[in-house]
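Coordinate analysis (summary)
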Amino acid sequence: MKFAKKYATYMRGMEEELPAVGLKRLKKMLKKCRSHEGAAGRCPGRCSVCDGSFFPSLMNEMSAVVGCFNEKAKKLLELHLASGFKKYAMWFTNKGDKSHGKLIQQGKDLVTYAIINAVAMRKILKKYDKIHYSKQGQEFKAQAQSLHIEILQSPWLCELMAFYMNLRRSKKNKAAMELFGDCSLIFDDDRPTLSCSLFDSMRVDISLTCSICLDTVFDPVSLSCGHIFCYLCCCSAASVTIVDGLKFADHKSKCPLCRQQGVFPDAVHLDELNMLLSHSTFNC
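Notes on the structure follow. Everything quoted here is computed from the prediction, not taken from an experiment.

**Focus: the sheet that holds strand S5 (residues 228-230)**
Adjacent strands of a sheet pair through backbone hydrogen bonds, lying either parallel or antiparallel. Ordered in space as S5-S4-S6, the three strands form an open sheet in which the pairing is antiparallel. The strands lining the two open edges of the sheet, one partner per strand, are S5 and strand S6 (268-269). Where strand S4 (residues 220-222) lies against S5, three bridges are found, and the strand directions are antiparallel. Residue pairing across strands places Val 221 opposite Phe 229, the latter belonging to S5. Of the strands in this sheet, S4, S5 and S6 are in contact with helix H8 (residues 231-238), which crosses S5 at around 95 degrees.

**Structural notes on the pattern of salt bridges**
Summed over all chains, the structure comprises five salt bridges. The closest approach of N and O atoms between Lys 75 and Glu 71, which form a salt bridge, is 3.5 Å. Of this pair, Lys 75 and Glu 71 both sit in helix H3 (residues 48-81), separated by four residues, roughly a single helical turn. Its relative accessible area of 45% is what places Lys 75 among the partly exposed residues. Taking the shortest distance from any N to any O, the salt bridge between Asp 205 and Arg 203 comes out at 3.2 Å. Taking relative accessible area as the criterion, Asp 205 reaches 44% and is therefore assigned partly exposed.

**Examining the environment of Lys 31**
Mapping Lys 31 onto the fold places it in helix H2 (residues 23-34). A relative accessible area of 63% places Lys 31 in the exposed class. Measuring from C-alpha to C-alpha, the distance between Lys 31 and Ile 131 comes to 9.1 Å, with 100 residues separating the pair along the chain.

**Digging into the sheet that holds strand S1 (residues 183-188)**
Strand order in the open sheet formed by three strands is S1-S2-S3, and the pairing between neighbours is antiparallel. At either end of the open sheet lies a strand with only one pairing partner, and these are S1 and strand S3 (202-207). For this sheet the average axis-to-axis angle between neighbouring strands, irrespective of direction, equals 25 degrees. Across six bridges, strand S2 (residues 191-198) lies against S3 in antiparallel orientation. Within the sheet, the bridge partner assigned to Ser 195 lies in S3 and is Asp 205.

Each value, and the rule that gives it
Residues numbered from 1 in each chain as written. Predicted model: local features only at pLDDT ≥ 70, side-chain atom pairs only at ≥ 80, totals over all residues. Heavy atoms only, no water. Pairing = 2+ DSSP bridges. Helix = DSSP H or I, 4+ residues; strand = E, 2+ residues; numbered from the N terminus. Contact = heavy atoms within 4.5 Å. Axes fitted to C-alpha atoms, helices over the stretch in contact; angles between N-to-C directions. Salt bridge = Lys/Arg side-chain N within 4 Å of Asp/Glu carboxyl O. Buried < 20%, exposed > 50% of the residue type's maximum accessible area, 1.4 Å probe, protein only.

The analysis is restricted to geometry; functional conclusions fall outside its scope.
Written as C-alpha cells, this is what we have:
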C-alpha cells in the first residue's frame, strides 16, 4: 500500500479527529501547477498556485499538527508525572480513564500521529521538488525548522517515547506494554540513541549524546530548536548560572549546534527521559 493510502487510512481510523496534512488536496494543487508550466516544462518563477496556495496551506497545516501534538503530549505527561491530590484533580478535570493501559495507548497514538505526519510533510515537499526540478521544498523545510513547526523537533516527542518505555518497566503493565516493542533505547559504543519505528519503513532515531561534553546527556533539556543537551552544559553555553536558569538567557544566545538565536528561554526539561536514562545507567 502506498504511503498516501496508509496515511488516509490511519487518520480515518483515529478515535478523535485531529489536524492533518491534506496530502490529497496538496497533490491536486501540484497537478494544477503543472498544467500552467512554462515553455521549459517548469513552473514559472512566480506562480500563483505555489506562492499563493501550496506553501501557505502546508504552513498552516504543519502549525496546526505541531500545536495539537504539543498540547496533547504536554497534558498527558503532566498527568503521568503529577502526584497526590494534584493527580486526582487532573484526572477529574480531564475526565480521563485512570488505567495505566489507557495512558500507554494514548502515548502510543500520539507518537504515531507525530511520526506519520512528519513523513507526510516530507513526502509532499519531496514531490514538490521533483515536479519543479527545484530545491524550494527543502528550503521550505528549513524555514519550518527555524519556525519550530517541524514536528520531529518537538521535545514532547522524545518525552513521549521515554514515557512509555518507563511504563514498560512496571510489572503491573507488563502485558499492556507489549504494544511498545517498536521503541527502544540503544547503546552503541556507549553512545545512547532513542529509536522508534513505524510500519516497516519509518524510523526515528534521537541521539542522546550531548554535543558539548560528548557524554550521555545528564539532566537533559531540549532547546526550542529541538537539540538536546545536559542542563549544566546548556547553562554554560547560554552564559547563565544553574540557579538563574535558561529562562534568563540572552535572546541573542545561539544553539551550539544549529546556531539559532533565542532557543534557550523556552527550553524544556526532559523529566521522563532523565528517569529512563537514570534507570538504564543504574542497570548497566
